[in-house]
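Residues per chain, in single letters:
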Amino acid sequence: MNFIVIIPARFYSTRLPGKPLLTIHGKPMIARVIEQAWKSNAKRVIVATDHPSVESVVKAMDGEVCMTSSSHSSGTERIAEVLEHYQFSDNTVIVNIQGDQPMLPPELIDQVANNITLYNASIATLAAPITSPEEACNPNIVKVVCDLYGYALYFSRATIPFYHDQLTTQSYSIYTHVLRHIGIYSYYASFIRQYALWHKSPLEQIESLEQLRALSYGEKIHVDLAKINPNHSIDTPEDLMRIHTTEL
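Per an unreviewed UniProt entry, the recorded name for the protein chain is 3-deoxy-manno-octulosonate cytidylyltransferase, and the organism is Candidatus Erwinia haradaeae. According to the UniProt record, the Sequence similarities (unreviewed entry) comment for the protein chain is "Belongs to the KdsB family."

Have a look at this one:
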């Protein structure tokens, strides 16, 4: 199927300033994200950034870049500006890849792109099982709970679902039922345009999770299990140190 990947790459990060340009095994992080996107079936890959240094890196590797405002509060808002710049049609399928996912398998990009056409949802995204209490309790790892049909009920930085007897259990097997949200989305351009018109929801501001705006306005988000290991994004200095010990 035809789809376009757009990679929001905000330069100023609270936990990792200049994150898109941090070097991973000799390459800027944004370059590695682009390379993974190029391996997918996307017909086009565009980086949306607010900083000329990121623009220079993308252009140096013959990538496509769109300069956007520094005032956006979410990646989806940044993508909305890209849509208006290029005037993409409403039925264009867009895949939003976070600029801090240098090890995202291209197979998962194709999976989430296909899913927006398969399910009755405004957004399609992915998740993977959590298998340790450390991950379940880590606020930098977003958790999601779904209904019986695979549609999101809620996303949170807290441990959800919460097991009321977890203090007495001797087994960590319960954590296999906790799902880690993978920060990749697919949607039609028409939905992105609508999203950008909505005000921030209270839950979105409390959790600092942009997908909660869609849920707050009654939209459906389909969550599929990732077909293969999605690897982790780079959110903290510890994540960056860990990836330097990983063979790419």
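Let us keep going from here.
A. Spotlight on the pattern of salt bridges. As enumerated under the stated definition, the model contains 9 salt bridges in all. Glu-84 serves as the salt-bridge partner of Arg-193, at 2.6 Å between the closest nitrogen and oxygen. Of the two residues, Arg-193 is situated in helix H6 (residues 189-197) and Glu-84 in helix H3 (residues 75-86); the sequence distance between them amounts to 109 residues. Residue class for Glu-84 comes out partly exposed when judged on its relative accessible area of 41%. Ionic pairing is found between Arg-213 and Glu-204, a salt bridge with its closest N-O pair at 2.9 Å. The burial state of Arg-213 is the same as that of Glu-204; both residues are buried.

B. Representation of helix H2 (residues 52-60). Those residues of H2 that fall on the buried side of the exposure criterion are Val-54, Glu-55 and Val-58. The buried side chains of H2 occupy one side of the element, clustering within an arc of 100 degrees when seen end-on. Where H2 is buried, its residues contact strand S1 (4-9), helix H1 (29-38), strand S4 (44-49) and strand S5 (64-67). Phi turns positive one or two residues past the end of H2, at Asp-62, with a value near 60 degrees.

C. Looking closely at the nonpolar core. By size, the foremost hydrophobic cluster in this structure holds 32 residues, and its most contacted members are Val-5, Ile-7, Val-47, Val-95, Ile-97, Ile-109 and Ile-184. For this core, the secondary structure elements donating two or more residues are S1, H1, S4, H2, strand S6 (93-97), helix H4 (106-118), strand S7 (123-129) and strand S10 (179-188). With 30 residues, the next largest nonpolar core counts Val-82, Val-142, Phe-155 and Leu-179 among its residues.

D. View of the packing of aromatic side chains. Considering all chains together, one arrives at 7 aromatic pairs under this definition. Geometrically, the ring pair formed by Tyr-86 and Phe-88 is stacked, given 5.2 Å between the ring centres and 5 degrees between the ring planes. Geometrically, the ring pair formed by Tyr-185 and Tyr-187 is stacked, given 6.3 Å between the ring centres and 15 degrees between the ring planes. Note on Tyr-185: relative accessible area 5%, which makes it buried. For Lys-220, the ring lying beneath its charged end belongs to Tyr-151, and the centroid distance is 4.9 Å.

E. View of the environment of Tyr-151. The topology assignment puts Tyr-151 in the loop between strand S8 (143-146) and strand S9 (152-156). Sequence-wise, Tyr-151 and His-222 are 71 residues apart; in three dimensions their C-alpha atoms are separated by 4.4 Å. Other than its neighbours up to four places away in sequence, Tyr-151 contacts Tyr-119, Asn-120, Ala-121, Val-145, Cys-146, Lys-220, Ile-221 and His-222. Of note is the side chain of Tyr-151, whose polar atom sits 3.4 Å from the backbone nitrogen of Asn-120.

How each quantity is defined
- Residues numbered from 1 in each chain as written.
- Predicted model: local features only at pLDDT ≥ 70, side-chain atom pairs only at ≥ 80, totals over all residues.
- Heavy atoms only, no water.
- UniProt positions renumbered as here; feature names shortened; annotations may be inferred.
- Salt bridge = Lys/Arg side-chain N within 4 Å of Asp/Glu carboxyl O.
- Helix = DSSP H or I, 4+ residues; strand = E, 2+ residues; numbered from the N terminus.
- Buried < 20%, exposed > 50% of the residue type's maximum accessible area, 1.4 Å probe, protein only.
- Arc of directions from axis to C-beta.
- Contact = heavy atoms within 4.5 Å.
- Core = buried A, V, L, I, M, F, W, Y, C linked by side-chain atoms within 4.5 Å.
- Phe/Tyr/Trp six-rings, centres within 6.5 Å; stacked < 30°, edge-to-face > 60°.
- Lys NZ or Arg CZ within 6 Å of the ring centre and 35° of its normal.
- Polar contact = N/O pair within 3.5 Å; in protein donor to acceptor, adjacent residues only side chain to side chain.

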